[in-house]
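# Analysis of the macromolecular model
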Amino acid sequence: MYKILFNDGETKLIPFEEAEGKNAFRHTAAHILAQAVKRLFPEARLGIGPSIENGFYYDFDTADAFTGEDLERIQAEMKKIVKEGLNLESYTLSFEEARGVFKDEPYKLELIDELEQKGETPTFYKQGEFVDLCAGPHLARVSDVKAIKLLSATGAYWRGSEKNKMLQRIYGTAFPKSAQLEEHLTALEEAKKRDHNKLGRELELFTTSDLIGQGLPILLPKGARVLQILQRFVEDEEEKRGYQLTKTPSFAKSDLYKISGHWQHYKDGMFVMGDEEKDKEVFALRPMTCPFQFQSYLNRAKSYRDLPIRYNETATLFRNEASGEMHGLIRLRQFTLSEGHIVCTPEQVEKEFTDALELARYILRILGLENDISFRFSKWDENDREKYIGDPEQWEKTQSFMRVILDKTEINYTEADGEAAFYGPKLDIQIKNVYGKEDTLITIQVDFQLAERFGMTYVDSDGEKKFPIIIHRSSIGCYERTLALLIEKYAGAFPLWLAPVQVKILPIADRHNDFCENVRGELSKIGIRAEIDTRSEKIGFKIREAQLTKAPYMTVIGDNEVESGEVAVRSRSTGESEVMSVSVFCETLQSEIAKQLGK
């Protein structure tokens with residue numbers, strides 16, 4: 001149990017294992033870091049320093065980037081501060097007094113100005129000579145932070161915007177015991193081995209180019225093949241469930257986004273082409289497909305007998321993410337989404353929502369990701385109504401109805417205020433990457449507003465025109481993000497059905513190439529993706545190279561195989577070899593794929 005100090009001066013005993021305990025523990029470590037930096041680099045200006053998943057960071061404005069040697073010095077000073085056993089104090093100051101304390105800290109002054117504009121009281125934490133503007137909470141004493149490790153230093157724009165100055169961010173982690181720290185560092189090393197950013201490049205799945213820009217990866221042939229397999233699988237599954245495929249433009253006039261509300265609520269996240277003050281028509285690349293697919297619905301009049309209508313589309317989308325947010329295939333400026341919209345009557349919402357959830361869970365189960373996800377019911381923030389459209393009564397009614405649906409599905413979910421889409425609440429299917437950072441993979445949203453904005457109606461059984469409810473949903477989410485998670489999940493060793501190259505065929509000598517071509521031809525007939533390594537290399541080298549590609553199977557072919565008409569097959573999963581006929585090998589592969597796809 002640790003004594004936690006809150007900004008009102010109250011203390012409470014909380015164990016490290018609880019989220020509040022971890023946050024206070026690591027938030028205190030961030031302040032120890034800032035104190036150490038100010039001692040060693042007095043000219044450094046303070047940014048912010050929160051606790052994060054599994055650690056903490058602090059941003060500094062310095063003339064030079066921190067080096068590895070600097071981090072060693074800072075960590076040594078942090079341990080010295082811990083040994084000093086400083087107690088923390090929390091208190092408040094007037095805005096005038098606060099500006100006096102931070103007269104040489106421009107970033108803190110900016111935060112103080114914002115607090116004053118919001119009418120919030122600035123609170124402070126002090127440990128020894130170090131004072132920071134902070135809402136807390138913190139440990140009551142620094143001596144509780146027994147095990148600290150600084151991990152890296154990198155550049156980070158102030159407040160995540162590339163329009164601001166680049167600061168220096170130091171990442172670290174902290175634990176109550178050295179054994180816990182060592183266990184975490186070991187897990188980090190394992191995570192680095194699975195990091196899709198590293199593995200994806202090594203396996204030639206994707207690459208990036210400075211000439212093209214951040215958040216715009218190039219899918220290499222193997223990566224493009226995996227995405228193709230996923231897209232075909234998803235589209236086929238959606239077709240089985242009554243979805244109608246659409247293909248809509250990648251950009252549109254601003255008029256479309258103004259009707260939907262995206263122009264007013266999401267313009268900063270869009271790539272805009274043109275100037276509203278100068279140009280007659282201004283266009284923008286689409287960050288979503290909903291207003292585009294709505295035009296399909298509006299193509300002709302609808303009655304209640306036509307509903308539900310389920311549209312799906314494999315859509316390329318564009319979002320102007322900040323440079324500091326880019327990460328491999330996880331967060332991009334151009335990406336591909338399994339987008340879809342279900343237009344239905346109010347009476348159909350529960351079944352359609354439940355079916356959309358079941359489809360997403362089915363696909364995640366086939367991918368092997370179902371046990372790695374969590375569910376979040378994302379609601380509006382009634383204290384920040386400018387972020388949303390519609391009246392409060394509609395929001396509360398829809399959220400209550402959605403909660404009933406979620407409870408009937410019997411999934412375990414958390415609730416989060418302020419995470420809803422601007423037009424309606426949603427269920428977010430969350431997943432963590434190898435480093436423990438959580439992202440949204442799939443969303444299912446209930447929209448009770450946009451149909452009216454676009455004039456989407458249907459004639460009900462009573463002859464009256466009514467506005468339908470729209471369910472915005474994805475069945476696999478962003479394909480690139482899913483690929484990243486699959487690389488990390490399987491450490492690049494994809495299941496047979498998904499592997500870009502399923503079989504590596506290795507001839508021992510050139511005279512065996514013709515037989516290898518025959519084997520590949522037989523495999524190709526049943527849809528198996530096979531490659532022949534015809535290089536003039538020794539077979540041991542070819543085997544080692546094939547292992548590095550993580551292909552599920554390899555077969556070595558020499559004189560004996562050519563003479564017998566059989567193949568020596570080596571399995572990646574078992575490491576064992578077995579001689580069999582080509583027909584039996586084909587049957588084995590088909591059986592394994594059928595099992596993986598639940599057939």
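Further up the page is the structure itself.
Residues numbered from 1 in each chain as written. Predicted model: local features only at pLDDT ≥ 70, side-chain atom pairs only at ≥ 80, totals over all residues. Heavy atoms only, no water.

## Description of the layout of surface pockets
Quantified by volume, the largest pocket comes out at close to 1500 Å³. Along its surface, the largest pocket is lined by 40 residues, and I52, T154, R169, Y171 and K437 are the ones closest to its centre. With seven residues, strand β10 (residues 147-157) is the single largest residue contributor to the lining of the largest pocket. Here the residues of the lining of the largest pocket are counted per class, giving 15 nonpolar, 14 polar and eleven charged. Counted as a void, the second largest pocket has a volume near 1200 Å³. Elements with a contribution of two residues or more to the lining of the second largest pocket: α9 (262-266), β19 (334-344), β22 (426-432), β23 (438-447) and β26 (469-478). It is β23 that contributes the most residues to the lining of the second largest pocket, five residues altogether. For the lining of the second largest pocket, a count of residues per class yields 18 nonpolar, eleven polar and eleven charged. (1 Å grid on protein atoms, 1.4 Å probe; cavity = no way out; pocket = protein on both sides within 12 Å on 5 of 7 lines; lining within 4 Å. Points joined across faces, edges and corners; volume = space filled by probe spheres on them. Helix = DSSP H or I, 4+ residues; strand = E, 2+ residues; numbered from the N terminus. Nonpolar A, V, L, I, M, F, W, Y, C, P; charged D, E, K, R; others polar.)

## Here we look at the packing of helix α11 (residues 349-367) against helix α12 (residues 392-409)
Look at α11 against α12: their axes get within 10 Å of each other, and the N-to-C directions meet at 50°. Between α11 and α12, the crossing angle belongs to the class labelled oblique. Crossing hand, α11 versus α12: right-handed. Within the contact between the two elements, α11 uses V349, E350, F353, T354 and L357 and α12 uses F401, M402, I405, L406, K408 and T409. Split into classes, the residues belonging to the contact of α11 with α12 amount to seven nonpolar, two polar and two charged. (Axes fitted to C-alpha atoms, helices over the stretch in contact; angles between N-to-C directions. Parallel < 35°, antiparallel > 145°, perpendicular 65-115°, else oblique. Left-handed = near helix turned anticlockwise from the far one by under 90°. Contact = heavy atoms within 4.5 Å.)

## Here's the deal with the nonpolar core
Formed by 82 residues in total, the largest nonpolar core has its most connected members in W497 and L523. With eleven residues, the top contributor of residues to this core is α11. Those residues in contact with W497 that lie beyond four places of it in its chain are I229, L230, F233, I366, L367, Q502, R529, I593, Q596 and L597. (Core = buried A, V, L, I, M, F, W, Y, C linked by side-chain atoms within 4.5 Å. Buried < 20%, exposed > 50% of the residue type's maximum accessible area, 1.4 Å probe, protein only.)

## Some thoughts on the pattern of salt bridges
Applying the stated criterion to the full structure yields 48 salt bridges. Among the salt bridges present, the one from E238 reaches R473, with a minimum N-O distance of 2.9 Å. Taken together, the residues span a long stretch of sequence, with E238 in helix α7 (residues 221-240) and R473 in strand β26 at a distance of 235 residues. Grouping residues by exposure puts E238 and R473 together as buried. Members of the salt-bridge network, linked through shared partners, are R39, E77, E84 and E129. (Salt bridge = Lys/Arg side-chain N within 4 Å of Asp/Glu carboxyl O.)

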